[in-house]
Amino acid sequence: ARTVIVGSNNSVSAPSPQSLGGDDYIFSSWSDGGAQSHNITAPGSAATYVATYQPTVSIGDVTVTEGNSAVSAVFPVSLSAARSQTVTVNYGTANGSAVAPGDYTARSGTVTFSPGQTAATVTITVSPDVLDEADETFMVSLTGPTGAILGDADGVGTIIDDDAAPSVSVNNVTINEGNSGTRSAVFTVSLSAASGQTVTVDYATTNGTATAGSDYV
């Protein structure tokens, strides 16, 4: 309680976060609608100003290996403290370097925490392929909570590629020399399989029984 002079200007603040019984709570609102820290002009009669705190709802990151069949990326969603009321929060996926529907199945919906519940999950299906490619990421974001405040609202899903890099090879070429001029020996360079990444390889000629400059250029 605070005793002040009628009409005086007074600053109030709600420190955040607060801990109670080992659980964390974040400032939500003041009963007068003011900001977390704001000024109040003292009224002519006794008044009570109440700061409301709520638990946070957060989503974690997850890493999965791609595989040759569909796998599940299970994102943990948690409340920082149990509530006696139902808590809900919306979620939705967003592309990163991984793109739906080729790399994962886009999804949106609502996570519901029953009274007393503090843990839930969001499951996203990751698509298989056989391409060698870089590891990729996508995101699951939380929005619009009721009964809680957003903590870490973005969960990053990392898809680890498990496909071996293709091999690169060059074929042999036989041509008739001829009696004049030059002829082209066309060597074909090939990959053992398609790749999801840009592939480069250096090349150079080396003398055998043929000598550069006189037998080939």
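Quantities reported herein were computed from a predicted structural model and do not represent experimental measurements.

Peer 1: Is there a simple way to think about the overall build of the protein in this case?
Peer 2: For the protein, the helix and strand inventory stands at zero helices and 16 strands. In terms of C-alpha radius of gyration, the protein reaches 32 Å, well past the compact-globule figure of 17 Å for 217 residues. Once the C-alpha set of the protein is aligned to its principal axes, its extents read approximately 115 × 40 × 25 Å. For the protein, buried positions account for 26% of its 217 residues. In the protein, 63% of the contacts between residues at least 6 apart in sequence involve partners at least 24 apart. Within the structure as shown, the protein displays about 13,300 Å² of accessible surface, and the carbon and sulfur contribution to it stands at 50%. In the protein, which carries 4 positive and 19 negative side-chain charges, the distance between the mean positions of the two groups comes to 15 Å.

Peer 1: Looking at this structure, how should I read the sheet that holds strand S12 (residues 136-146)?
Peer 2: Note on sheets: strands pair through backbone hydrogen bonds, and any given pair is parallel or antiparallel. With mixed pairing, the five strands of this open sheet are ordered in space as S7-S14-S12-S9-S10. This sheet does not close on itself; its edge strands, each paired only once, are strand S7 (62-65) and strand S10 (108-113). Neighbouring strand axes in the sheet, compared pairwise and without regard to direction, differ in orientation by 25° on average. Bridging between strand S9 (residues 87-95) and S12 involves seven bridges; their strand directions are antiparallel. Along S12, the bridge assignment pairs Gly 92 with Ser 141.

Peer 1: How should I be thinking about the sheet that holds strand S13 (residues 149-150) in this particular structure?
Peer 2: As summarised here, the arrangement of the four strands in space is S11-S8-S6-S13, forming an open sheet in which the pairing is mixed. The open sheet has two free edges, formed respectively by strand S11 (119-126) and S13, since each of these has just one partner strand. With two bridges joining them, strand S6 (residues 56-59) and S13 adopt parallel strand pairing. The partner of Thr 56 across the bridge, within S13, is Ile 149.

Peer 1: Would you take a moment to explain the pairing of strand S8 (residues 71-79) for this structure?
Peer 2: On a regular strand, each side chain points to the face opposite its neighbour's, so the side chains alternate between the two faces of the sheet. The sheet contact formed by S6 and S8 spans three bridges and is antiparallel. Bridge pairing in S8 places Ile 59 opposite Val 77. Bridge analysis of S8 against S11 gives eight bridges, and the strand direction is antiparallel. Following the sheet pairing, Val 77 is matched in S11 by Ala 120.

Peer 1: Hey, could you run me through unusual backbone geometry in this one?
Peer 2: Across the junction of Ser 16 and Pro 17, the peptide omega takes the value 5°, indicating a cis bond. Here Pro 17 shows up in the loop between strand S1 (9-13) and strand S2 (18-20).

Parameters and conventions
Residues numbered from 1 in each chain as written. Predicted model: local features only at pLDDT ≥ 70, side-chain atom pairs only at ≥ 80, totals over all residues. Heavy atoms only, no water. Helix = DSSP H or I, 4+ residues; strand = E, 2+ residues; numbered from the N terminus. Rg over C-alpha atoms; globule rule 2.2 N^0.38 Å. Buried < 20%, exposed > 50% of the residue type's maximum accessible area, 1.4 Å probe, protein only. Contact = heavy atoms within 4.5 Å. Areas by Shrake-Rupley, 256 points an atom, 1.4 Å probe, with all protein chains shown as cover. Lys, Arg positive; Asp, Glu negative; His and termini not counted. Charge placed at Lys NZ, Arg CZ, Asp CG, Glu CD. Pairing = 2+ DSSP bridges. Axes fitted to C-alpha atoms, helices over the stretch in contact; angles between N-to-C directions.

Coordinates in, geometry out; function isn't part of it.
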